[in-house]
Amino acid sequence: MADFIDRNLSTEEIIKMAAEMFITFSTQKIDGCTVLTHPYGYSAFTSLTIDEMREVDLVFQLLIAAEKVGWKQFETASKFLTRCGWVASDCGTAVERLVYYLCEALQKRIENETGIPSPVKLEKLVSVIIFCSNI
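A short tour of the structure in this document, coming up. (Residues numbered from 1 in each chain as written. Predicted model: local features only at pLDDT ≥ 70, side-chain atom pairs only at ≥ 80, totals over all residues. Heavy atoms only, no water.)

Below, the discussion takes up the environment of Ala19. Note on placement: Ala19 falls in helix 2 (residues 11–24). Here Ala19 falls in the partly exposed class, since its relative accessible area comes to 26%. Along the primary structure Ala19 and Val56 are separated by 37 residues, whereas in three dimensions their C-alpha atoms are 8.8 Å apart. (Helix = DSSP H or I, 4+ residues; strand = E, 2+ residues; numbered from the N terminus. Buried < 20%, exposed > 50% of the residue type's maximum accessible area, 1.4 Å probe, protein only.)

One pass over the structure, following the stated rule, counts one aromatic pair. With 5.0 Å between their ring centres and 90° between their planes, Tyr100 and Tyr101 make a pair best called edge-to-face. Above the plane of the ring of Phe80 lies Arg83, whose end atom (NZ or CZ) is 4.7 Å from the centre. (Phe/Tyr/Trp six-rings, centres within 6.5 Å; stacked < 30°, edge-to-face > 60°. Lys NZ or Arg CZ within 6 Å of the ring centre and 35° of its normal.)

Another point: the pattern of salt bridges. For the coordinates displayed, the defined rule picks out five salt bridges. For the salt bridge of Lys16 with Glu12, the shortest nitrogen-to-oxygen distance reads 3.2 Å. With a gap of four residues between them, Lys16 and Glu12 both fall in helix 2, about one helical turn apart. For Lys108, the salt bridge identified is with Glu111, shortest N-O distance 3.8 Å. Taken together, the residues span about one helical turn, with Lys108 and Glu111 both in helix 5 (residues 94–114) at a distance of three residues. Of the residues examined, Lys108 reaches a relative accessible area of 44% and is grouped as partly exposed. (Salt bridge = Lys/Arg side-chain N within 4 Å of Asp/Glu carboxyl O.)

Mapped onto the elements, Ser89 comes out in the loop between helix 4 (74–85) and helix 5. In this structure the side chain of Ser89 is engaged in a polar contact, spanning 3.1 Å, whose partner is the backbone nitrogen of Cys91. (Polar contact = N/O pair within 3.5 Å; in protein donor to acceptor, adjacent residues only side chain to side chain.)

A word on the packing of helix 2 against helix 3 (residues 50–70). Axis separation between helix 2 and helix 3 bottoms out at 8 Å; the angle between their running directions is 55°. Our classification of the angle between helix 2 and helix 3 gives oblique. For the pair helix 2 and helix 3, the sense of crossing is right-handed. Mapping the contact onto sequence places Ile14, Ile15, Met17, Ala18, Ala19, Met21 and Phe22 in helix 2 and Glu52, Met53, Glu55, Val56, Val59, Phe60, Leu63, Ile64 and Glu67 in helix 3. Within the contact of helix 2 with helix 3, the residues separate by chemical class into 13 nonpolar, no polar and three charged. (Axes fitted to C-alpha atoms, helices over the stretch in contact; angles between N-to-C directions. Parallel < 35°, antiparallel > 145°, perpendicular 65-115°, else oblique. Left-handed = near helix turned anticlockwise from the far one by under 90°. Contact = heavy atoms within 4.5 Å. Nonpolar A, V, L, I, M, F, W, Y, C, P; charged D, E, K, R; others polar.)

Looking now at the nonpolar core. Residues Val56, Leu62, Leu81 and Val99 are the most contacted members of the largest nonpolar core, which totals 27 residues. Elements represented by at least two residues in this core include exactly helix 2, helix 3, helix 4 and helix 5. A total of nine residues in this core trace back to one element, the largest contributor, which is helix 3. Beyond its immediate sequence surroundings of up to four residues, Leu62 is in contact with Leu81, Cys84, Val99, Leu102, Cys103 and Leu106. (Core = buried A, V, L, I, M, F, W, Y, C linked by side-chain atoms within 4.5 Å.)

The analysis is restricted to geometry; functional conclusions fall outside its scope.
And the structure:
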């Protein structure tokens with residue numbers, strides 16, 4: 001039992017969990033705001049550490065953004081990509097790096113489709129601040 005508790009999820013397992021969440025979640029509009037709901041609530045994910053849940057949620061947000069880009073809902077996609085940008089990093093964990101580069105690709109696609117340039121990358125500024133504070 002101790003092996004299970006001490007074990008961290010692999011990148012592949014995190015992606016699979018996020019994909020499961022994405023498939024089973026649904027969206028609802030309540031007072032003009034989009035609310036994500038899961039038929040079983042978050043109880044299925046209570047065994048995750050805070051970092052694992054953060055990474056599952058990060059991939060989940062990316063999947064929603066990718067779906068919105070596919071449906072040409074670029075404004076909504078940009079909002080989800082911005083959320084991802086708060087956590088994703090080109091020098092973070094494997095999951096953070098994966099999301100970072102996929103976010104860049106989706107932002108580039110939005111830019112190509114709309115002609116509107118991507119906003120300044122917040123995550124780069126945050127990375128520089130964190131790096132400088134560790135010196």
